[in-house]
Amino acid sequence: AQTTDATTSVDDEVQSTNGIFIDLATGNILFDRDAHTRINPASMTKVLTVLVAAEHVKDWSDTFEITPEITNYSYVHDCSAVGFSNNEVVTVEDLFYGTVLCSGGDAALGLATYVAGSQEAFVDMMNERAAQIGCTNTHFVNASGLPDPDHYSTAHDMALIMREGLK
């Protein structure tokens, strides 16, 4: 995404402190407000989670067992959750849709674990993919968007991730 002479700032009618509008056809930034300021991406993190997972999953009907560690992680961190039970066997497709539709932290962690074996390994994949997309001020430490000082992005970088996800 690039600024042009036509790029303007968003006026005061927009309530958000950070934002960006990009013309997907041209890549031109139409409007922005503090689009390069670091923010907590929160559940927008899951856009990259599902993008990375979609690029690596081979069999959406494959199954995955929800472990007590996954449900405990979601409970302890007060994540939004699909509500999977300990030792419940679900399809990878269920994990994907649980992450997308319910913003389920349990589903995101399950998806990360299924794809990479651990959340930490999956987050490495996320950070590598973010850099490939062109993100320059983004670093993730979890797959669900839980707040952490080392978990950050910008409106600009999240727009790049969203544009890639839309492809």
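Placed above this text is the structure.
Figured I'd write up the structure that's included with this text. On a predicted model such as this, the values are computed, not experimentally measured, just so you know. (Residues numbered from 1 in each chain as written. Predicted model: local features only at pLDDT ≥ 70, side-chain atom pairs only at ≥ 80, totals over all residues. Heavy atoms only, no water.)

Let us now look at the overall build of the protein chain. For the protein chain, the count of helices and strands is six helices and five strands. In the protein chain, the succession of α and β elements from N to C terminus is β-β-β-α-β-α-β-α-α-α-α. Over its C-alpha atoms the protein chain spans a radius of gyration of 17 Å, differing by no more than 12% from the 15 Å that the globule rule assigns to 167 residues. Relative to its 167 residues, the protein chain shows a buried fraction of 44%. Restricting the contact set of the protein chain to residue pairs at least 6 apart, pairs at least 24 apart contribute 58%. For the protein chain, the exposed area adds up to about 8,800 Å²; of that, 51% sits on carbon and sulfur atoms. (Helix = DSSP H or I, 4+ residues; strand = E, 2+ residues; numbered from the N terminus. Rg over C-alpha atoms; globule rule 2.2 N^0.38 Å. Buried < 20%, exposed > 50% of the residue type's maximum accessible area, 1.4 Å probe, protein only. Contact = heavy atoms within 4.5 Å. Areas by Shrake-Rupley, 256 points an atom, 1.4 Å probe, with all protein chains shown as cover.)

The next point concerns the pairing of strand 3 (residues 29–33). One ladder, built from four bridges, connects strand 2 (residues 19–22) with strand 3; its direction is antiparallel. Among the inter-strand pairings, I20 is bridged to a residue of strand 3, identified as D32. In textbook terms, the turn of a hairpin is the stretch between consecutive antiparallel strands, and for strand 2 and strand 3 this stretch comprises six residues, one of which, G27, has a positive phi near 80°. (Pairing = 2+ DSSP bridges.)

Below, the discussion takes up the side chain of Q119. Structurally, Q119 can be placed in helix 5 (residues 119–133). The exposure class assigned to Q119 is buried, which follows from its relative accessible area of 8%. At 3.4 Å, the side chain of Q119 and the side chain of Y73 are in polar contact. Among the polar contacts listed, one links the side chain of Q119 to the backbone nitrogen of A143, at a separation of 2.9 Å. Setting aside residues up to four positions removed in sequence, Q119 forms contacts with Y73, L109, A112, T113, N142, A143 and S144. (Polar contact = N/O pair within 3.5 Å; in protein donor to acceptor, adjacent residues only side chain to side chain.)

The next thing to look at is the nonpolar core. Counting 33 residues, the largest nonpolar core has L48, M126 and I161 as the members making the most contacts within it. Counting only elements with at least two residues in this core, the list comes to helix 1 (45–56), helix 2 (68–76), helix 3 (92–101), helix 4 (105–116), helix 5 and helix 6 (155–166). No other element matches the six residues that helix 1 contributes to this core. If near-sequence neighbours (up to four positions away) are discounted, L48 is found in contact with M126, R129, A130, I133, F140 and I161. I20, I29, A155 and A159 belong to the second largest nonpolar core, which has six residues in total. (Core = buried A, V, L, I, M, F, W, Y, C linked by side-chain atoms within 4.5 Å.)

So, on to the pattern of salt bridges. Tallied over the entire structure, the rule returns three salt bridges. One salt bridge connects E55 with R129, and the closest N-O pair in it is separated by 2.9 Å. Taken together, the positions of E55 in helix 1 and R129 in helix 5 put the pair 74 residues apart, joining distant regions of the chain. Taking the relative accessible area as the measure of exposure, E55 reaches 36% and is therefore partly exposed. By relative accessible area, R129 is classed as buried at 14%. Linking R129 and E164 is a salt bridge whose minimum nitrogen-to-oxygen distance equals 2.9 Å. (Salt bridge = Lys/Arg side-chain N within 4 Å of Asp/Glu carboxyl O.)

Attention now goes to the packing of aromatic side chains. What the rule picks out here adds up to four aromatic pairs. Measuring from ring centre to ring centre gives 5.0 Å for W60 and F96, while their planes differ by 75°; the resulting arrangement is edge-to-face. Of the two residues, W60 is situated in the loop between helix 1 and strand 4 (63–65) and F96 in helix 3; the sequence distance between them amounts to 36 residues. Where F64 meets Y114, the ring centres are 6.4 Å apart and the plane angle is 85°; that geometry is what we call edge-to-face. Of this pair, F64 sits in strand 4 while Y114 sits in helix 4, placing them 50 residues apart in sequence. For F64, a relative accessible area of 11% translates into the label buried. You can call Y114 partly exposed: its relative accessible area is 24%. (Phe/Tyr/Trp six-rings, centres within 6.5 Å; stacked < 30°, edge-to-face > 60°.)

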